Amino acid sequence: MSAELHKTPLLDELEKGEWPSFVTQMKQMAKKNPMARDLLGQLEQSYVDKITHWKHGGLVGIQGYGAGIIGRYSNLGDKFPAVAAFHTVRLHQPAGWFYTTKALTDVCDIWDKYGSGMLNMHGSTGDFVLLGATTDNLEPLFTDYLKAGWDLGGSSSDMRTPSCCNGMARCDNACFDTMELFHDVSMSYQDELHRPAFPYKFKIKIAGCPNDCVASIARSDLAVIGTWKDDIQIDQAEMKAYADAGVDIAGEVIELCPTQCMAWDGSTLKVNNAQCNRCIHCINVLPKALSPGKERGATLLVGGKAPILEGAQLASVFVPFMKMEAPYTEFKEFVEKLWDVWGENGNNRERIGEFILRVGLGNFVEAIEMEPDPNMVLHPRENPYIFYEEYIEEGDEE
Amino acid sequence: MAVLRETVRDCLRSKDYEQVLYLARRERRLVRTLVSLLYDGEPLVRWRAVTAVGRLAAAEPEKVRPLIRRFIWWMNNECGGIGWSSAPALAEIGRMAPELLRGAVRVVIHFRAERMILPGVFWACGRLAAAYPLEVREAVPELTGFLADEDAAIRGQAAWALGEIGDGRAREGLTSLLGDRELVLLYDGEELEMRETGKISAEALQKISADDHKQGRGTDLSTGSLGRIGGGGKKGEVGYVS
Ligand code: SF4
Ligand code: SF4
C-alpha cells in the first residue's frame, strides 16, 4: 500500500476551527488502513462534484440472516479501489449503551482486522455501526463477532434493534427498568430482528419517563414512555428550601405547568393531579422536592416515524398506562397483536402509522381487539377520535 | 410465536406440508412465520419453506398474493435486507399458481442486479421452466454466459436451470463444464444435496437430449415449442445485465 494520502484541499478546510474534526480522525486511520485512505479521496471528490459517489443500494448479507448488513458500492471503484465495496455492518447495541473497555477493544480489534477501522456509534438506528467492509470479509467478520458474543442488529423490514434510555442506571425519574425491557424484547424477538417478515421496518424505543430522552414519540413505531398513575410525590420541606434558595417557583414552575394544575402560596405546593398530564416539567425543575408517583409504568404510543414515504408523524397514545414488569406478558401480547394486524394487511413499505392513517384509528383499534378509550389522543389534551357506535340506534340513521 | 415457529420447522423437516396448510387455515401468524423461515439458519428448513410457500399459493392464493411485492422488494431493497429466498419463493408461487406471478415473472427471470442472490434467481428460472416456458427461454443466452462465472454456486445453478429449461443452445457451454469438480448445494424440490458442478452439467445435457427426443427434433429448441406456439417471448427482450 502506498502510504501517500490523497490531496484533500476541501476536506482540509473542515479541520480548521476549535472543534474535533471527523476529517482529522479519518486521516489518522488512513495512515494505517487503505480503505480509510480511499474513503478520504472519494469524499474529497464528492465535495468537488457536489454529488455522492455511493451507488444506490446493493444486497449483501449472511446466510441465515435477512438483515443487519447494508450493501454499499462506490461508482468510482477504479479510482478508489479500496472502497469499491464498502458495506455497513450493524452490531446490536447493549441496553443503555454500557460497554466494558474489553468489549469495546474486542469490537475494534475485529474491525481493524476485517474492515476500514472506522465506525460510528448510536445514531438514529441505535446500533453500533461499522463502516466499510468488503463482500468477502462479511462471513469471517461475522463469525468472529459471534464468537466474541456480539450479533447483528436489525435492518430492512424487520423489528429493528430496540433502543432505550439508561433510565434506572442513572436517573431518578425512571418509572420502570427500561434496560431490562430492552434486553427482554431483543432476546424474545431474535427471529423478528434477524429475519424480515413485516411489510416494513418496526422500531421499538423505550424511555423511562416523559422526558423521552430517546425521542421515541417521534422516531419509533412503538414508543414506550414511562409515566405514573397516582399523585406526584411532594416533599414540602424541600419545596421551601428551593424557595429560600431563591428559585422562582411561580415563574419557572407554576406558570409553565401546561395544564395550570399547580398552586404555590409561598410555603405549600398543591397539585390537582386529576388535571396533571404528566409532562414532568415540574419534576425536572424541582427534582429534590418532587418525584413521580408510586404507581409507575408506561404509556404505549403507536405510529411515530420520520418522513420518507409520508410526512413525519408523532405516535398516538394507545395504552395510557401499563405496568412494566418481567416477563412483560401484557406488553408482548400487545406488540404481537400490532404485528398480526399490520403484518397481514399492511402494504409493502407501509409503516404502521401510515397503515393506521389509511384504515382509520377506529378500525385499527377494533382489529387489535382493544376497547376505545378517551385517553387515545394524537396530542395531549386533544379530543379523542373514536366513535361510540353503541349510542347510535339503528333507526337514528334514517 | 416461538412455539408456532418450532412446529412449522418440524413440519418442514418431515415434509409435512399438509400440516402447514392446515395451520395456515387456523393461525393468522402462519404466513409471517413461513416468510421468516425463508431465512432460517438451517438450509434444508429454508428451502422447504420455499416449497411450502408454493403449496400455500396453490391452496390459498389470497394469502400469498400480498407477498409477491414484498419478495420483489427484498430483491431490490436498499435498506439493508437481502432476500436470499425471494426469487425461489416467487418461482414456487409461479410454478404452483401460475396466474399469481404472471405480471412479475419476467422481473424474476431477468433479475441480474445482485450477485449474492443470483444462484436463487437461476434456481427460479429452472423451476419456472414448465409453467412459463417461453419466458424462461429468453434467459437462455444469458444463463449460458454465467456457466463461465468464477463463482461455483452461480455456475452450478445456471447449469441446473439450463437442464430444466431443456434448450439446445446451452449444449456447448454445459459441455465445457463437464470437468468442473467444485461442489454446489442444490435443492431438487425435496432434498438438499452437495453436487459436483460437472455432474449437474452432465445431467443437464441428458435432459436436453431427452427433451429433443420427446419433441422429435435434432438440435435447436430456440423457437417456442413447449406447448405454446408463437407470440410470447420476443427475442432480444432480455432485461437487466449487471
Ligand atoms: S427518559 Fe427519563 S428516565 Fe430516561 S434518561 Fe431521560 S430523564 Fe432519565
Ligand atoms: S407534571 Fe406537568 S402537568 Fe403535571 S403538575 Fe407537573 S408541570 Fe403540571
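Residues numbered from 1 in each chain as written. Chains lettered and ligands numbered in written order. Predicted model: local features only at pLDDT ≥ 70, side-chain atom pairs only at ≥ 80, totals over all residues. Heavy atoms only, no water.

1. Description of the pattern of salt bridges
Under the definition given, this model contains 40 salt bridges over all chains. As a salt-bridge pair, Glu-42 of chain B and Arg-13 of chain B come within 2.9 Å of each other at their nearest N and O atoms. Note that Glu-42 of chain B is positioned in the loop between α3 (30–37) and α4 (43–59) and Arg-13 of chain B in helix α1 (residues 2–13), a separation of 29 residues in sequence. Among the ionic contacts, a cluster of salt bridges with common partners joins Asp-191, Glu-192 and Arg-195 of chain A together with Arg-5 of chain B. (Salt bridge = Lys/Arg side-chain N within 4 Å of Asp/Glu carboxyl O. Helix = DSSP H or I, 4+ residues; strand = E, 2+ residues; numbered from the N terminus.)

2. Quick notes on the interface of chain A and chain B
In many analyses, interface size is given as the accessible surface area lost on bringing the parts together. Of the residues lining the interface, 40 residues belong to chain A; the matching set on chain B comes to 28 residues. Buried surface at the junction of chain A and chain B, both sides included, amounts to about 3000 Å², of which 51% is carbon and sulfur. When the buried area of chain A at its contact with chain B is split by residue, Leu-59, Asp-340 and Asn-348 of chain A rank highest and sum to 23% of it. The interface formed by chain A and chain B holds six salt bridges in total. Residues Arg-28 of chain B and Glu-344 of chain A are paired through a salt bridge, measuring 3.3 Å at the closest nitrogen-oxygen approach. If you look at where chain A meets chain B, you find 16 residue pairs in polar contact (both at pLDDT 80 or more). Elements with a minimum of two residues in the side of chain A that touches chain B: β1 (69–70), α8 (190–194) and α13 (329–345) of chain A. Sorting elements by how many residues they give to the side of chain A that touches chain B places α13 of chain A first, with seven residues. Partitioned by chemical class, the residues of the side of chain A that touches chain B number 16 nonpolar, 15 polar and nine charged. (Contact = heavy atoms within 4.5 Å. Buried area = accessible area lost by both parts, 1.4 Å probe. Polar contact = N/O pair within 3.5 Å; in protein donor to acceptor, adjacent residues only side chain to side chain. Nonpolar A, V, L, I, M, F, W, Y, C, P; charged D, E, K, R; others polar.)

3. Digging into the site of ligand 1
As a matter of local geometry, ligand 1 sits amid Cys-165, Cys-171, Asn-173, Ala-174, Gly-208, Cys-209, Asn-211, Asp-212 and Cys-213 of chain A. Residue composition of the shell around ligand 1, grouped by class: five nonpolar, three polar and one charged. (Near = heavy atom within 4 Å.)

4. With respect to helix α14 (residues 352–359) of chain A
All names here are of chain A. The set of residues buried in α14 consists of Ile-352, Gly-353, Glu-354, Phe-355 and Ile-356. Summarising the contacts, the buried residues of α14 are in contact with β12 (296–302), β13 (316–322), α13 and α15 (361–367). One or two steps after α14, the chain reaches Gly-360, where phi turns positive at roughly 95 degrees. (Buried < 20%, exposed > 50% of the residue type's maximum accessible area, 1.4 Å probe, protein only.)

5. Description of the side chain of Thr-178 of chain A
Residue and element names in this part refer to chain A. Residue position: Thr-178 is located in helix α7 (residues 178–188). Owing to a relative accessible area of 0%, Thr-178 belongs among the buried residues under this scheme. Of the polar contacts made by the side chain of Thr-178, one reaches the backbone oxygen of Cys-165; its length is 2.8 Å.

6. Quick notes on the site of ligand 2
Ile-232, Cys-257, Pro-258, Thr-259, Cys-261, Met-262, Cys-276, Asn-277, Cys-279, Ile-280 and Cys-282 of chain A make up every residue found near ligand 2. Classifying every residue of the shell around ligand 2 by side-chain character gives nine nonpolar, two polar and no charged.

7. Section: the domain arrangement of chain A
All names here are of chain A. Segmentation of chain A into domains returns domain 1 (9–147), domain 2 (163–227 + 299–376) and domain 3 (233–291). Distance between the C-alpha centres of domain 2 and domain 3: 31 Å. Counting from both sides, the interface comprises five residues of domain 2 and, opposite them, five residues of domain 3. Of the roughly 350 Å² buried between domain 2 and domain 3 on both sides combined, carbon and sulfur atoms contribute 51%. Among the residues domain 2 hides against domain 3, the three largest losses belong to Asn-173, Pro-210 and Asn-211. Together they make up 80% of the total. Our count for the domain 2 to domain 3 interface comes out at zero salt bridges. Applying the counting rule to domain 2 against domain 3 returns one residue pair in polar contact (both at pLDDT 80 or more). A per-class count over the side of domain 2 that touches domain 3 returns two nonpolar, three polar and no charged. (Domains from an automatic or database assignment.)

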